[in-house]
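Residue-level structure breakdown
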Protein chains: 2
Amino acid sequence: MRIGLLMMAVSMTMSGAMAQGAPAAETEFVNTLMPQPAELTVGSGRLAISQGLTVTWDKTHDDRLEAAATWALQRLRTQTGAPMQGQMAALAISVDGPGEAVQGIDEDESYTLTVTPQGAHLHAATDVGAMRGLETLVQLVQPDEQGWWLPAVSIQDSPRFRWRGLMIDCSRHFEPVGVIERTLDAMAAVKMNVFHWHLSDDQGFRMESKIFPRLTGEGSDGMYYTQEEAKEVVAYARGLGIRVVPEFDMPAHSTSWAVGYPELASAPGPFTVGHDFGVFDVTMDPTKKSTYEFLDKFIGEMAAIFPDAYMHIGGDENNGNEWKQNPQIQAFMHDHNLKDAAALQAYFNQKLLPILSKHGKKMIGWDEILTPDLPKDIMVQSWRGFDSLAAGAKQGYSGILSAGYYLDHMDSAAEHYRVDPVPAGSDLTPDQAKLILGGEACMWSEYIDPQTIDSRIWPRTAAIAERLWSPRSVTNVDDMYRRLWVESLRIEELGLTQISQEYASLRALAGTEQMDALRPLAAVLEPVDFDSRSEWSESHGITTLSPHDRLVDALPPDPPSRHDFADLVSTFLQDPASHPEQQAALMTMFRSWSEGEPELLQLMSGSPLLAEALERALQLNELGTMGTEAVGFLSSGVAAPPGWKAQKLAIVDAAAQPVALTRFTVLKPLRDLLNEVK
Amino acid sequence: MRIGLLMMAVSMTMSGAMAQGAPAAETEFVNTLMPQPAELTVGSGRLAISQGLTVTWDKTHDDRLEAAATWALQRLRTQTGAPMQGQMAALAISVDGPGEAVQGIDEDESYTLTVTPQGAHLHAATDVGAMRGLETLVQLVQPDEQGWWLPAVSIQDSPRFRWRGLMIDCSRHFEPVGVIERTLDAMAAVKMNVFHWHLSDDQGFRMESKIFPRLTGEGSDGMYYTQEEAKEVVAYARGLGIRVVPEFDMPAHSTSWAVGYPELASAPGPFTVGHDFGVFDVTMDPTKKSTYEFLDKFIGEMAAIFPDAYMHIGGDENNGNEWKQNPQIQAFMHDHNLKDAAALQAYFNQKLLPILSKHGKKMIGWDEILTPDLPKDIMVQSWRGFDSLAAGAKQGYSGILSAGYYLDHMDSAAEHYRVDPVPAGSDLTPDQAKLILGGEACMWSEYIDPQTIDSRIWPRTAAIAERLWSPRSVTNVDDMYRRLWVESLRIEELGLTQISQEYASLRALAGTEQMDALRPLAAVLEPVDFDSRSEWSESHGITTLSPHDRLVDALPPDPPSRHDFADLVSTFLQDPASHPEQQAALMTMFRSWSEGEPELLQLMSGSPLLAEALERALQLNELGTMGTEAVGFLSSGVAAPPGWKAQKLAIVDAAAQPVALTRFTVLKPLRDLLNEVK
């Protein structure tokens, strides 16, 4: 499979270069920028950097920018092996000022980058703009037989959206600071600018409070961030031009608060930290003064740690059960003319607002917080979708989109890429559209841990980052994937493990480094979607304590096979008789699926955790056989025997059923192939 | 290549099982224990653990042991995917007492482990002994079609040597705490018990002193361990039954001390931190009272952080240049009748001893510290070899061996494995032999960084760990390698990257995930030895600031190909006509070397850092071709044409020359093959 695809990768790269429109004789610049810049003009010639690159400054600059430039040069050096001695190329950096003391949504992130054979010049209004330009520079570097070089280009770039975020749920599974920091590195590489840190939920309170030590003391399993660590993360993010927006989910999703402080809840308790998943009943009591006194102190303490203008209060999935069962709360609702849980939650938010304001914070929360009485400077994060967001915008509320960007749903990068926070043809006025500030990818953590998180976030999030940065017109999915695989390698070089972990996990599962027999199968499998996994997990007693050690955990969502195979089949099907290259590639691949079966079965049957997916090996053999036959029929124009097609399509249908939480990536194109057989 | 070796791996595992001596019908227990225990008796039957394992305690036990047991169960759970619910097997742990408050060289590490179909029982005198037994338990787990199980065994185990260490030089290249901790995890997995932390050298002072802040403030590049971090490492190591012996190298290798405190040196200064390698001149001034006052305060401060009974004072490679050039020191030597630098260094050590004693520390240092006047409770670490160590033992000095265990020399695991701290047939009396306490693997850090360190230490260090733990009679190299590859996978599961990093680096070098074409070549290359790399590095201006981004840095030393290929060839050569399986494996391998050339050249020429090794691709093709021909001649008994053998041997000789700091692993067996051709 992988060997079969190698040729494709090479030819795709070449056609990518052609697609630049520049004559090949003049330049071989291969555009692998991700996200694509707003404007790029290819000039003529190149700037050789095999000796290295040195930075010159035409104005004063601060430590933050100097560190960012050093980091960019260090990566260039590692990539190129340049000695950084002798006749180095020069990069002149010119920045008007440092930008905001606390980065906000209006920070100017634009930059211009010009490369000529004489040198490179980066200009930006702020440090953050310059950082974005430095990432572009690192991605521009090209190798060939003559060494490393930068193409002559002129780039004017600025983001389409101001809020380009990633949320990580660190409650259901804790992620060490090192994981957070490497994730921030990758975010910066694709020009994202908001890290939304989901710090509390039913399954664990992850942020140290010195005023309320039982929040983590009893509301976590000992895994939480100290205040010092949180400050370190904030500083680390600032060094990358990334804001940190903390989330403390309230009034629901609050079991972990109530374990140590049961007086916050609307039921008597005692409470224990959740190990299961789903929506819990525990909800703060919005009728008690003491609740607000607690939150005032807590938010004040957190405000000193998190300088961002926004604090996320969650607000989602309040089932209202505890409120219904509490006569005192029911009486309160009656007295205050609050007709349902939504109204009481709106009351809670109203009380929360002055507390946030007092501590210099604006409110952001999920769709549920949006009620008519709230002031216009709150912000909504929409898990419901564009319509919900647009409804808010029409009332004057700003918002960001997360529906369509849920990484735990195991959708493809292409699916995420097609989701636009302001789709063409929306009925919003330009002023309303401006209220949609961007979006956030969401990494909920029911089924991830520090080993698997990278492959769940990356590289798919790079496609979302491009959607949020690049012009709306950048929509070519083929070109996105071509660049996505390059970006994924760059992200691994930053120290992430989304590629390596697959192989490491397969070796661990196989119990040997010699697991090549497993690769053709693993390459065409991916995890089932979130709902399927949830359903299975509930019926198998899976909790936060269960290991992520199955084949499904090794497999990355949306592996290269999904798009590459579809592309290969559709090209072949344009005219099967006249595509010998695609025909050969398909035959090689199908043969590897069939012929590998004996070795594969031997490997899988010796490993109990692989054995549960044994059926997949048998199916792969069948799919390979029918593929070989189908290509044979199509190439020769010979018709299949009666009943052949129906029989094979039935096998494909059977293979579409989940086995060991995995699904095939290749079934739809395979069906297309079968359907074309006469 | 790898595919060809797969069959071997399978058959080796089977013959390994046979080698246990137990009839295959009764049990299929595959012994992958590393290190091998002192005594192991295989019983009959098995203990199924597919549901999980639960621990029972028959006595009180402390938090440390409970954490160790939890950690062992967690690893078992991840490995097996056991639900840890329902009918779990039971492990009864029985420990007489916690052991020493500060683990010393006399800590009792013995344990007995008994597994029957009814349950497992672990008994030890101390927590540390029980930890060693838990590691054995984790390694005993077996998979088959029926799930996971422990074989019925009875193990009585204790270490042959009391000091089984690993030294890491954190001065020349700094290693973050996370790297140190994962290394400690791996050390514990193979029952090592001393982490020797080389914290200062010419290239950087890595330990925070609050009394002398300029040690790191000016003597490092900002990368150093805070006192809090060092205490964390000490506590982490104690949790694994590992002692931490800090080293502060003196009087030489002391440039980094003198940068902030030039008054310590024997020349006027000023000094700067070294970026080059080799032996520097900067040496402390042993004639000044102020030197000892400084060291008294410093050692007192460090003694509060490092509780171990020993403190390592280095003492190596003092070239005496500064002393020779300082008239005041020369006069001092004359006045005190100190005839040379060695005598002055002995004087320095004599003055250092009471300072160490005052702070509760015993002295350990390299061979050079051993001078007749020192008391018998100092200890020598020998980089010179067994003879030096034996000479010390005959005078009553205890010592540990490091000659033969230098990981930066890029020797094979087999070479390290054959080095015995007390070889059979030595002329030491039993009492003298007892003074040789063990040994230490040494990871000097000229050419490593946090990304590459794992593959330089592991898995080879596991072979050294076995040499130091297991009975002297455990010397079968084939069996060691069979278990080493399994242990390497287990170590990766702890979070180390010695296998993954090779692939990740190859992908980065190739600039694509599709780098299969590179694998047959990479599999038969390894880094050149230390001297060759040093020579090249000096002539190419390599410093501590240079990246480790070349093919040589991706390649692990002593890859499986070295031993596997030699084994395959020697089996084949026993009688070429009657080994069709080996013949086929050789032919497959040789063909992959030759046939892969076009794709390989395409891949390498597009990457400047791979292109420097292009000659290796051409050579691999030639080696494959001659191998195919040789196997043909040998299998058929046909003689080669005149001149054929000489021509091919000349090509092998040419291939033995270093290219891009790499060398082939397969040349000696290939020569053997050629030499057998008529």
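The written sequence of each chain sets the order in which its residues are numbered from 1. Numbering of ligands from 1 and lettering of chains from A proceed in the order in which they are written. The predicted nature of this model means local features are confined to residues of pLDDT at least 70 and side-chain atom pairs, given and counted, to a pLDDT of 80 or more, with totals for whole chains, interfaces and linings taken over all residues. Values shown for side chains rest on all heavy atoms present in the structure; no hydrogens or waters enter the calculation.

With that settled, the discussion passes to the overall build of chain A. By definition, any uninterrupted DSSP run of H or I lasting at least four residues is a helix, any uninterrupted run of E lasting at least two residues is a strand, and each is numbered from the N terminus. Within chain A one finds 28 helices and 18 strands. The C-alpha radius of gyration computed for chain A amounts to 27 Å, which stays within 12% of the reference 26 Å derived for 678 residues, consistent with globular compactness. The principal-axis extents of the C-alpha atoms in chain A amount to approximately 80 × 65 × 50 Å. Summary of the burial criterion: residues with accessible area below 20% of their type's maximum are buried, those above 50% are exposed, and those between are partly exposed, where the area comes from a 1.4 Å probe applied to protein chains only. Considering chain A as a whole, with its 678 residues, one finds that 61% of them fall into the buried category. In what follows, residue pairs with any heavy atoms lying within 4.5 Å of each other are defined as contacts. Restricting the contact set of chain A to residue pairs at least 6 apart, pairs at least 24 apart contribute 76%. Roughly 24,200 Å² of accessible area belongs to chain A as shown, and the carbon and sulfur atoms make up 54% of that amount. Under the counting rule used here, the positive set is Lys and Arg, the negative set is Asp and Glu, and His together with the chain ends is not counted. Just so you know, the charge point we use is NZ for Lys, CZ for Arg, CG for Asp and CD for Glu. Charge-centre separation for chain A: the mean point of 53 positive side chains lies 3 Å from the mean point of 91 negative side chains. Restricting the calculation to C-alpha atoms gives the radius of gyration, and the globule rule supplies 2.2 Å times the number of residues raised to the power 0.38. For the accessible areas, the method is Shrake-Rupley and the probe is 1.4 Å, while residue cover comes only from the protein chains on display.

Another point: the pairing of strand S12 (residues 310-314) of chain A. Residues and elements named next belong to chain A. Most of S12 sits out of view: 5 of its 5 residues are buried. What you see with S12 is no split at all: Tyr310, His312 and Gly314 on one side and Met311 and Ile313 on the other are buried throughout. A pair of strands is treated as paired once DSSP finds two or more bridges between them. Both strand S11 (residues 243-250) and S12 contribute to a ladder of 2 bridges, which runs parallel. When the sheet's bridge partners are listed, Glu247 is paired in S12 with His312.

This part covers the environment of His579 of chain A. Residue and element names in this part refer to chain A. By the secondary structure assignment, His579 is in the loop between helix H22 (560-574) and helix H23 (580-595). Separated by 31 residues in the primary sequence, His579 and Leu610 place their C-alpha atoms 37 Å from one another. Each residue touching His579, except ones within four places of it in the same chain, is listed here: Thr571, Phe572 and Gln574.

What follows covers the relation of the copies chain A and chain B. Aligned on chain B, chain A shows an RMSD of 0.0 Å; the corresponding rotation is 180 degrees and the shift along the axis is 0.0 Å. The relationship between the two copies is best expressed as a two-fold rotation axis. The position closest to the rotation axis in chain A is occupied by the C-alpha of Ser500 of chain A, lying 2.9 Å away. Residue by residue, 100% of the interface of chain A is reproduced at the interface of chain B, so both copies engage with the same surface. Each copy is superposed on the other by least squares, with the fit set by C-alpha atoms of residues at a pLDDT of at least 70 in both.

On to the packing of aromatic side chains. Residue and element names in this part refer to chain A. Stacked, edge-to-face and tilted are the three classes for Phe, Tyr and Trp ring pairs, Trp counted by its six-membered ring, which pair at centre distances within 6.5 Å; planes under 30 degrees apart are stacked, over 60 edge-to-face, the rest tilted. Summed over the entire model, instances satisfying the criterion amount to 50 aromatic pairs over all chains. Aromatic side chains Phe195 and Trp197 sit 5.4 Å apart centroid to centroid with 40 degrees between the ring planes, which places their arrangement in the tilted category. Judged by its relative accessible area of 1%, Phe195 is buried. Among the aromatic side chains, those forming a connected cluster through ring pairs are Phe205, Phe212, Phe248, Trp257, Tyr261, Phe294 and Phe298.

Residues and elements named next belong to chain B. Throughout, disulfides are identified as pairs of cysteine sulfur atoms within 2.5 Å of each other. Considering all chains together, one arrives at 0 disulfides over all chains under this definition. No disulfide involves Cys170; its sulfur sits 13 Å from the nearest other cysteine sulfur, which is in Cys442. Relative accessible area serves as the criterion here: at 0%, Cys170 is assigned to the buried category.

Moving on, we get to the interface of chain A and chain B. Facing 45 residues of chain A, the contacting portion of chain B comprises 45 residues. Using a 1.4 Å probe, buried area is obtained as the accessible area two parts lose upon being combined, added over both of them. Of the roughly 3,800 Å² buried between chain A and chain B, counting both surfaces, carbon and sulfur atoms make up 51%. It is Leu489, Glu513 and Gln514 of chain A that lose the most area in chain A upon contact with chain B, and together they represent 16% of the buried surface on that side. What counts as a salt bridge is simple: a side-chain nitrogen of Lys or Arg found within 4 Å of a carboxyl oxygen of Asp or Glu. If you look at where chain A meets chain B, you find 4 salt bridges. Taking the shortest distance from any N to any O, the salt bridge between Arg519 of chain B and Asp516 of chain A comes out at 3.3 Å.

Tracing the backbone through its elements, the reader meets Ser398 of chain A in strand S15 (residues 398-401). Not counting chain neighbours up to four residues away, the residues in contact with Ser398 of chain A comprise Ile378, Met379, Val380, Leu435 and Leu437 of chain A.

We now examine the nonpolar core. Residue and element names in this part refer to chain A. Think of a nonpolar core as a cluster: buried Ala, Val, Leu, Ile, Met, Phe, Trp, Tyr and Cys residues, connected wherever their side-chain atoms sit within 4.5 Å. In terms of nonpolar packing, the biggest core is built from 93 residues, with Phe195, Trp197, Met207, Phe248, Trp257, Phe298 and Phe306 touching the most fellow members. Element by element, the count of residues in this core is highest for helix H4 (residues 177-189), at 8 residues. Apart from the residues within four sequence positions on either side, Phe298 is in contact with Phe205, Ser209, Phe212, Leu215, Phe248 and Trp257.

Moving on, we come to the pattern of salt bridges. Residues and elements named next belong to chain B. If you walk through the whole model with that rule in mind, you get 67 salt bridges over all chains. Among the salt bridges present, the one from Arg483 reaches Glu466, with a minimum N-O distance of 2.6 Å. Here Glu466 lies in helix H16 (residues 460-469) and Arg483 lies in helix H17 (residues 477-493), a separation of 17 residues in the sequence. Of the two residues examined, Arg483 and Glu466, each falls in the buried class.

Once that is clear, we can look at the packing of helix H2 (residues 63-80) of chain A against helix H3 (residues 127-140) of chain A. All names here are of chain A. Where helices are involved, their axes are fitted lines through C-alpha atoms of the stretch in contact, as for all axes, and angles between N-to-C directions lie from 0 to 180°. The contact between H2 and H3 brings their axes to 10 Å, and the two run at 5 degrees. As judged from the angle between their axes, H2 and H3 are roughly parallel. In contact with Arg64, Leu65, Ala68, Ala69, Ala72, Arg75, Leu76 and Gln79 of H2, H3 contributes Asp127, Val128, Ala130, Met131, Leu134, Glu135, Leu137 and Val138. Under the scheme applied, nonpolar residues are Ala, Val, Leu, Ile, Met, Phe, Trp, Tyr, Cys and Pro; charged residues are Asp, Glu, Lys and Arg; polar residues are all the others, including Gly. Along the lines of polarity and charge, the residues of the contact of H2 with H3 split into 11 nonpolar, 1 polar and 4 charged. Working rule for angles: under 35 degrees goes down as roughly parallel, over 145 as roughly antiparallel, 65 to 115 as roughly perpendicular, anything else as oblique.

All names here are of chain A. Counting buried residues along strand S9 (residues 194-201), 8 of its 8 residues qualify, which places the element largely inside the surrounding structure. Taken together, the 5 bridges between strand S8 (residues 163-169) and S9 define a ladder with parallel strand orientation. Residue Leu166 lies in a different strand from S9, and its bridge partner there is Phe195. By convention, orient the strands away from the viewer: a clockwise path from the first strand over the helix to the second makes the crossover right-handed. You can see the chain leave S8, run along H4 and come back into S9, and the turn it takes is right-handed.

Another aspect to go through is helix H3 (residues 127-140) of chain B. With 14 residues, H3 of chain B ought to run about 20 Å at 1.5 Å a step, and its terminal C-alpha atoms sit 20 Å apart, in line with that. The buried count for H3 of chain B comes to 14 of 14 residues, which makes it a mostly enclosed element. What a helix should span is 1.5 Å times the count of its residues minus one.

It is worth spelling out the side chain of Thr452 of chain A at this point. Residues and elements named next belong to chain A. With respect to the secondary-structure elements, Thr452 resides in the loop between strand S16 (436-443) and helix H15 (453-457). Judged by relative accessible area, Thr452 falls into the buried class, the value being 4%. Sequence-distant contacts of Thr452, that is, excluding residues within four places in its chain, are made with Tyr447, His548 and Asp553.

Another aspect to go through is the packing of H22 of chain A against helix H28 (residues 667-676) of chain A. Residue and element names in this part refer to chain A. Across the interface, H22 lies against H28 with an axial gap of 9 Å and an inter-helix angle of 20 degrees. Classified by the interaxial angle, the pair formed by H22 and H28 is roughly parallel. Here H22 and H28 pass one another in a crossing that is left-handed. For the pair H22 and H28, the contacting residues are Phe565, Ala566, Val569, Phe572 and Leu573 in the first and Pro669, Leu670, Asp672, Leu673 and Glu676 in the second. For the contact of H22 with H28, the per-class residue count stands at 8 nonpolar, no polar and 2 charged. It is the rotation of the near helix from the far one that decides the hand of a crossing: anticlockwise by less than a right angle makes it left-handed, clockwise makes it right-handed.

Residues and elements named next belong to chain A. You can see Ala390 is positioned in helix H12 (residues 386-394). Its relative accessible area of 4% is what places Ala390 among the buried residues. The sequence separation of Ala390 and Met302 amounts to 88 residues, and the corresponding C-alpha distance is 31 Å.

Residue and element names in this part refer to chain B. Within the secondary structure, Phe565 is located in helix H22 (residues 560-574). Residues Phe565 and Ser256, 309 residues apart in the sequence, show an inter-C-alpha distance of 46 Å. Among residues more than four places away in sequence, those in contact with Phe565 are Leu586, Met589, Phe590, Trp593, Val666, Pro669 and Leu670.

Further remarks concern H12 of chain A. Residues and elements named next belong to chain A. Inspection of H12 places Phe386, Leu389, Ala390, Gly392 and Ala393 among the buried residues, and these make up the whole buried set. Taken down its axis, H12 places every buried residue within 155 degrees of arc, on the same side. Looking at the packing, one finds that the buried side of H12 touches strand S14 (379-382), S15, helix H14 (430-434) and S16. Gly396 occupies a position one or two residues after H12 and carries a positive phi of about 100 degrees. Of all possible arcs, the one meant is that of the directions from the helix axis to the C-beta atoms.

In this section: unusual backbone geometry. Residues and elements named next belong to chain A. In this chain, Gly269 is followed by Pro270 through a cis amide linkage whose omega measures 0 degrees. Take Pro270: it is sitting in the loop between helix H7 (255-260) and helix H8 (289-303). A cis amide bond links Trp458 with the next residue in sequence, Pro459, at an omega value of 0 degrees. Structurally, Pro459 is set in the loop between H15 and helix H16 (460-469).

Okay, the confidence of the model for chain A next. All names here are of chain A. Mean pLDDT over chain A: 93, with 96% of residues reaching 70 or higher. As a per-residue quantity, pLDDT reports the predictor's confidence and falls between 0 and 100. Scored below 50 in pLDDT, residues 1-27 makes 40 contacts in the model with residues more than four places away or belonging to other chains. Among the prediction metrics, the complex's ipTM stands at 0.86, with pTM recorded as 0.91.

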